[in-house]
Amino acid sequence: MLLAFFLLLWYTMTRLKLSPALLLVLALTANAETFQVSQNGGSGTNTVAWFNMAGSWANPKVSGQIGPGDTVVLNGTITNGLTIQGRGSQENVITVLFAQNAQVVMPYPTNIVSQKPCIIYGLYLKYVKIDGGVNGKVWASDNGSPTTCTPPGTNTYHTDGQGILFYGCGTDVEICNLTVGPIYVRVPWSNDHSISGTGDSTGISAAGITNCFIHNNTITDARTAIGAGGAPNVSIYSNSIVHFAQGIGVGVTSGTATNTLIYANQLNDNLSWKDEGSDQFHSGGVHVYGVPGWASGVQIYNNRFGPVLGPQTTSAIFCEGNVESLAVWNNVIGFSLYTNTVGGGIAIGVCGTNHIPVYNNTIVVFNGNGASGISINPPPPAIAPQGDIKNNLLVGLALPITMGNSTGTLYSCDYNLYYVTNAAYPIFVYRNNYQNYGNGPANWSYWLSQGFDTHSPQNIWTQDPLLDANFKLTGVSPAIRAGTALDAAYNLDAAGRSRSASGSRWDIGAFAYPSRGAAGSPPPPTGLTTNTPAH
C-alpha cells in the first residue's frame, strides 16, 4: 500500500515537472500524525510516560512515533514533568500544542532529567514548536516563600527551578502563547533568601539555540522571566511579564551571537523580588551582556516598562560588556521609584560599539530621587565616542543624562525634551566633571557649554510635555515637531505610525502625535548601521 502511494506520487510529480525535493517534502508531510497525550492516557490518548520515553520519538519519521511534521496535543491536567526528545526538519516542524484548558503543573519543578530541575525540558532541539494554544499553562502550585520568613509566605517548597528549560546547541525553536508561572511566589520586601543571589528561578530558559523565537507568552513570578542567548538570531517579542527580578536576560559567554531582537514586550512590577536591604537579586528589566563572548546586532525597541519598577532596579534597559551594533529606541519607561533609590531608565556600559543610537524613548519617573534617565558609561579606556542621544523625552529625573567615565565622550546629544520637576535638579554628568558645576541652572548651563542639547527646548523647569495617561502626546504638547528627522529605519513610532509625515522635524518621544500617519504593526527594521570596531 505504501509503495503504491509513493509510485503514484512520483508519477504525479513527473507529469507536473516538480522537483524530487518537493516530492520528498510532500511525502513526509503526508505521513505526519497527530498524537493525543494526557496524564494517564485512555480514550484514544497516550500517557505522559509514553511521551517521555526515548522510543516514542524518531527522526526520520516512523509510524506510531513522534517525528518530523507531527503534532502532539496535550490534554487536561498533567502532573509529571515532560521531556521533549524529538528533532523535526526545516520543512516539517514538530509541534507540541496545548488543548484548551490544558496545563502542566507540579508542586515545584522536579523534572531532574536536566542539569537543573524544571517542568518541561528539551535538549539539543531542532525545529520544535511549543504552542500554548488558547490558554495553555505551565506552573508550580506550591513553591515560594516559606512560613518562616518575615513577612511570612504560605508555600511548602522553596526551591530553584525552571518552567521551561530548552538547553544545548539547538536550532529553530519557537515558544509561544503560553502562560508560564507562577514558578516561585516570593513575598515582597521579605528576608526570603531561599533563592540565593546565585540561585535560579526562571520562567522560560532557552540558551544556545540558533533561530529562537519566544513570543506572546505571559510569564509571572520568577526571578528571571525569560533567559536566552549565546547563539545567533534570537527574537523575544510581545511577551507580558510581571513579578520578576530580571525580566529578560540575554547573555553571551563565548563566541559571537548576532542579531538579537527584543521588542514589543510589557514588563511590570518587580516588587516581589525587593530584598529587605541586601540587593541580592540584581533587579532590572532587559539585561544584555557579553562576557567574555560578544553580542552583536542588538536591537531593543517598542518595549513598555512599568508603571511599577521598584527599589534596587539597576535600570529598565541595561547593556554591558562586549556588545556591538546596539540600538535602543521607541521604548516607554514609566515607573515609580522609592525614596533613596538609585535607579534609571537606560544604562549602557559596553566596549564594542561606537555611535549607539538611543532615539525617541520616553522615560517618566515619579518620585525620582536619584533616578537617572540615559547613562552611557563605556569601560575604560574609552577611545571612540558613544551614544547618539536624540528625540528622547525625559520627565522627573534627577540625572537626565550621565557619562561617568572620565575618558569617554558622547557622540551626540540633542533634540531631547527634559522636564525637571524638582528645583534642586538637574544634574547632567559628563566625564565626572559635574561636581564643579553644582545642581540646577548652573549645571544646565555647563551642559549646554559642552555643545549638547543646543536645539532642545531650553526652559526645562517649565516645559511640561503634556502627556496623556498612556505617555502619548496631546495635541498641545511642546514635543510635537521639536525633534529631528532620523534614518528611515526608525521612522515608525511605538504604535506603528509613520513619523516622516511631520517632515524634517519629528515628534519627540516614543509616540508620534496620532495625526501623523495610520497605525500599523511595526516590523523589525532593516538597514541599521553602526561603526563597529574589529575585535
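Since the structure is predicted, the reported quantities are computational estimates derived from the model, not experimental observations.

Cut-offs used in this document
Residues numbered from 1 in each chain as written. Predicted model: local features only at pLDDT ≥ 70, side-chain atom pairs only at ≥ 80, totals over all residues. Heavy atoms only, no water. Core = buried A, V, L, I, M, F, W, Y, C linked by side-chain atoms within 4.5 Å. Buried < 20%, exposed > 50% of the residue type's maximum accessible area, 1.4 Å probe, protein only. Contact = heavy atoms within 4.5 Å. Helix = DSSP H or I, 4+ residues; strand = E, 2+ residues; numbered from the N terminus. Pairing = 2+ DSSP bridges. Polar contact = N/O pair within 3.5 Å; in protein donor to acceptor, adjacent residues only side chain to side chain.

(A) Quick peek at the nonpolar core. Within the largest apolar cluster, 99 residues are counted, with the highest numbers of intra-cluster contacts made by I120, F166, V288, I300, L410 and W447. For I120, the residues in contact, after removing those within four places along its chain, are L82, I84, F98, V104, I130, V138, G163, I164, L165 and F166. In this structure, L417, A479, A510 and F511 belong to the second largest nonpolar core, which totals 14 residues.

(B) A look at the pairing of strand β28 (residues 362–366). In terms of burial, β28 is a largely internal element, four of the five residues being buried. Where β28 lies against strand β31 (residues 393–395), three bridges are found, and the strand directions are parallel. Each residue of the ladder has a partner; that of I363, found in β31, is L394.

(C) Quick look at the environment of L486. When you line up the elements, L486 lands in the segment after α4 (440–449). Among the residues examined, L486 registers a relative accessible area of 18% and is labelled buried. Taking the C-alpha atoms as reference points, L486 and N391, separated by 95 residues in sequence, lie 9.2 Å from one another. If sequence neighbours within four positions are ignored, L486 has contacts with Y359, N360, K390, N391 and W506.

(D) Region of interest: the pairing of strand β30 (residues 386–390). Burial within β30 is extensive, with five of its five residues counted as buried. As paired elements, strand β27 (residues 357–359) and β30 share three bridges and run parallel to each other. In the strand pairing of β30, V358 is matched with I389. Summarising the sheet, β30 and strand β33 (residues 410–414) pair through four bridges and their orientation is parallel.

(E) Spotlight on the side chain of Q162. Mapped onto the elements of the fold, Q162 is located in strand β12 (residues 161–167). On the basis of relative accessible area, Q162 is assigned to the buried category, the value being 2%. For Q162, the side chain forms a polar contact with the side chain of T202, separated by 3.3 Å. If sequence neighbours within four positions are ignored, Q162 has contacts with P109, K116, P117, C118, I119, D200, T202 and S205.

(F) Representation of unusual backbone geometry within the structure. Between T150 and the following residue, P151, the backbone shows a cis peptide bond with an omega angle of -10 degrees. Topologically, P151 is positioned in the loop between β11 (137–140) and β12. Of note, the amide linkage connecting Y425 to P426 takes the cis form, showing an omega dihedral of 15 degrees. As for its placement among the helices and strands, P426 is situated in the loop between β34 (417–419) and β35 (429–430). A positive phi is found at N259, a non-glycine position, where the angle reads about 65 degrees. For N259, the location among the structural elements is in strand β20 (residues 256–263). Here N259 falls in the partly exposed class, since its relative accessible area comes to 32%. Phi at R481 takes a positive value of approximately 55 degrees, unusual for a residue other than glycine. Considering the arrangement of structural elements, one finds R481 in the segment after α4. What makes R481 partly exposed here is its relative accessible area of 44%.

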